Amino acid sequence: MIAGVSTTYTIAVIGGTGPQGKGLGYRFAKHGHDVVVGSRAADRAVPVADEIRERLAGVAGAGEVSGAANADACEQADVVLLAVPWDGHDELVGALPLAGKTVVSCVNPLAFDKRGAHGQVIDGGEGSAAERAQALAPEATVVGAFHNVSAVLLWGEEEYVDEDVLCVGDSDDAKLVAMDLARAVTGREGVSAGKLRLARQLEPFTAVLISINRKYKTHSGLRITGLPDRD
Ligand SMILES: NC(=O)c1ccc[n+]([C@@H]2O[C@H](COP(=O)([O-])OP(=O)(O)OC[C@H]3O[C@@H](n4cnc5c(N)ncnc54)[C@H](OP(=O)(O)O)[C@@H]3O)[C@@H](O)[C@H]2O)c1
């Protein structure tokens, strides 16, 4: 794929019945991608797909939206978005047919206590959910993206979310896919933010945004300054 040229994908959204998966699925389909909402039970995915389709009625150029069991959704897709909780992540991801797919993880291993949200330590600090997905699916190519975008804003009314999507990965081609998908959310290409291991910083950073949200009663996000103009 050539940087800056937008491609249309079929995207399986694993955990697509939750707010993050539903919101990203809606944005992707609105931008023209075909979306298969995935669930552990197909009969939970279908009504969510219906809800997204209803919301997109009359939107010119919107993609197809359907619902399926997670594994069936993967089989139909070029790109698989992991939008599931960290609890149960390994069991779920290890069972998915991901060989040959570009896999985008937005999974944030967070924990909450009396003092608020904080990142969980993965593999003694030497790991992240995205790296774990790569280890569980060695024949897939995993990138990390969309960790810091609020589900509320994704399902909101604004045409685009006024944020940057930071994309990390060891494969430049796969990272370009995530950067291209970011256009559906922010209206501009995502930011190439480094290798997959930097998901160790992006995932727990969401705890900082949650803390800001609580203080200011908002849905905060990230904008990176100093970059050349992107479309
Ligand atoms: N919510 C946000 O604003 C936000 C923002 C950025 C990143 N994220 C990240 O995105 C991911 C999804 O967030 P969410 O808020 O949408 O999560 P969620 O609602 O808790 O879960 C999403 C879906 O995952 C499936 N699921 C739940 N428990 C599971 C388990 N133990 N094993 C396998 N599947 C399970 C469920 O779908 P089925 O029951 O239909 O299978 C559920 O609807 C999380 O990792 C989160 O950190 C969330």
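Here, every reference points to the structure presented above.
Here goes a summary of the coordinates provided. Since we're looking at a predicted model, the values are computed, not measured.

**Focus: the overall build of the protein**
Step number 1: A tally of helices and strands in the protein yields nine helices and ten strands.
Step number 2: Since a compact globule built from 231 residues should have a radius of gyration of about 17 Å, the 16 Å found for the protein is in line with a globular shape.
Step number 3: With the principal axes as the frame, the protein shows a C-alpha extent of 45 × 40 × 40 Å.
Step number 4: The buried share of the protein, taken over its 231 residues, is 51%.
Step number 5: The long-range share in the protein, meaning contacts at least 24 apart out of those at least 6 apart in sequence, stands at 72%.
Step number 6: Carbon and sulfur atoms make up 50% of the accessible area of the protein, which amounts to about 10,800 Å² in all.
Step number 7: In the protein, which carries 22 positive and 31 negative side-chain charges, the distance between the mean positions of the two groups comes to 8 Å.

**Here we look at the packing of helix H1 (residues 19–30) against helix H2 (residues 42–55)**
Step number 1: Packing of H1 against H2 leaves a shortest axis separation of 10 Å and a crossing angle of 40°. By the criterion of interaxial angle, the relationship of H1 to H2 is oblique. Once H1 is placed against H2, the crossing between them reads as right-handed. Contact residues: H1 offers Lys22, Gly25 and Tyr26, while H2 offers Val48, Glu51, Ile52 and Arg55.
Step number 2: Here the contact of H1 with H2 is composed, by residue class, of three nonpolar, one polar and three charged.

**Points about the pairing of strand E8 (residues 141–144)**
Step number 1: Examined bridge by bridge, strand E5 (residues 102–105) and E8 share four bridges and lie parallel to one another. Counted as the bridge partner of Ser105 is Gly144 from E8.
Step number 2: For E8 and strand E9 (residues 166–169), the ladder comprises two bridges, and the chain directions are antiparallel. Its bridge partner lying in E9, Gly144 is registered against Val168.

**Concerning unusual backbone geometry**
Step number 1: For Phe146, which is not glycine, the phi dihedral falls at a positive 65°.
Step number 2: Here Phe146 shows up in the loop between E8 and helix H6 (151–154).
Step number 3: A relative accessible area of 1% means that Phe146 is categorised as buried.
Step number 4: We note that Lys217 has phi near 50°; this positive angle belongs to a residue other than glycine.
Step number 5: You can see Lys217 is positioned in the segment after helix H9 (199–216).

**Quick look at H9**
Since there are 3.6 residues in each turn of an α-helix, residues three or four apart along the chain are aligned in direction.
Step number 1: With 18 residues, H9 should cover 26 Å at 1.5 Å per step; its first-to-last C-alpha distance of 26 Å lies within 8% of that length.
Step number 2: Among the residues of H9, Ala199, Leu202, Glu203, Thr206, Ala207, Leu209, Ile210 and Asn213 are the ones counted as buried.
Step number 3: Packed against the buried residues of H9 are strand E6 (110–113), strand E7 (116–119), helix H5 (129–136) and E9.
Step number 4: In the segment just after H9, Lys217 is the residue with positive phi, at about 50°.

**Quick look at the state of the cysteines**
Step number 1: In total, this model carries zero disulfides according to the counting rule given.
Step number 2: In this structure Cys74 is not part of a disulfide, and its nearest cysteine sulfur, from Cys106, lies 14 Å away.
Step number 3: On the basis of relative accessibility, which here comes to 0%, the residue Cys74 falls in the buried class.
Step number 4: Residue classification places Cys106 among the buried positions, given a relative accessible area of 6%.

**Quick notes on the sheet that holds E8**
Hydrogen bonds along the backbone pair up the strands of a sheet, which may run parallel or antiparallel.
Step number 1: Reading across from one edge, E3-E2-E1-E4-E5-E8-E9-E10 is the order of the eight strands in this open sheet, with mixed pairing throughout. The sheet is open, and its two borders are formed by strand E3 (65–69) and strand E10 (191–192), each paired with just one other strand.
Step number 2: Against the sheet, H2 contacts strand E2 (34–39) and E3, and its axis sits at roughly 170° relative to E3.

**As for the side chain of Arg188**
Step number 1: Relative to the helices and strands, Arg188 resides in the loop between helix H8 (183–186) and E10.
Step number 2: Its relative accessible area of 14% is what places Arg188 among the buried residues.
Step number 3: From its side chain, Arg188 meets the backbone oxygen of Glu163 in a polar contact 2.9 Å long.
Step number 4: Among the polar contacts made by the side chain of Arg188, one reaches the side chain of Asp164 at a distance of 3.1 Å.

Criteria and cut-off values
Residues numbered from 1 in each chain as written. Predicted model: local features only at pLDDT ≥ 70, side-chain atom pairs only at ≥ 80, totals over all residues. Heavy atoms only, no water. Helix = DSSP H or I, 4+ residues; strand = E, 2+ residues; numbered from the N terminus. Rg over C-alpha atoms; globule rule 2.2 N^0.38 Å. Buried < 20%, exposed > 50% of the residue type's maximum accessible area, 1.4 Å probe, protein only. Contact = heavy atoms within 4.5 Å. Areas by Shrake-Rupley, 256 points an atom, 1.4 Å probe, with all protein chains shown as cover. Lys, Arg positive; Asp, Glu negative; His and termini not counted. Charge placed at Lys NZ, Arg CZ, Asp CG, Glu CD. Axes fitted to C-alpha atoms, helices over the stretch in contact; angles between N-to-C directions. Parallel < 35°, antiparallel > 145°, perpendicular 65-115°, else oblique. Left-handed = near helix turned anticlockwise from the far one by under 90°. Nonpolar A, V, L, I, M, F, W, Y, C, P; charged D, E, K, R; others polar. Pairing = 2+ DSSP bridges. Expected span 1.5 Å × (residues − 1). Disulfide = S-S within 2.5 Å. Polar contact = N/O pair within 3.5 Å; in protein donor to acceptor, adjacent residues only side chain to side chain.

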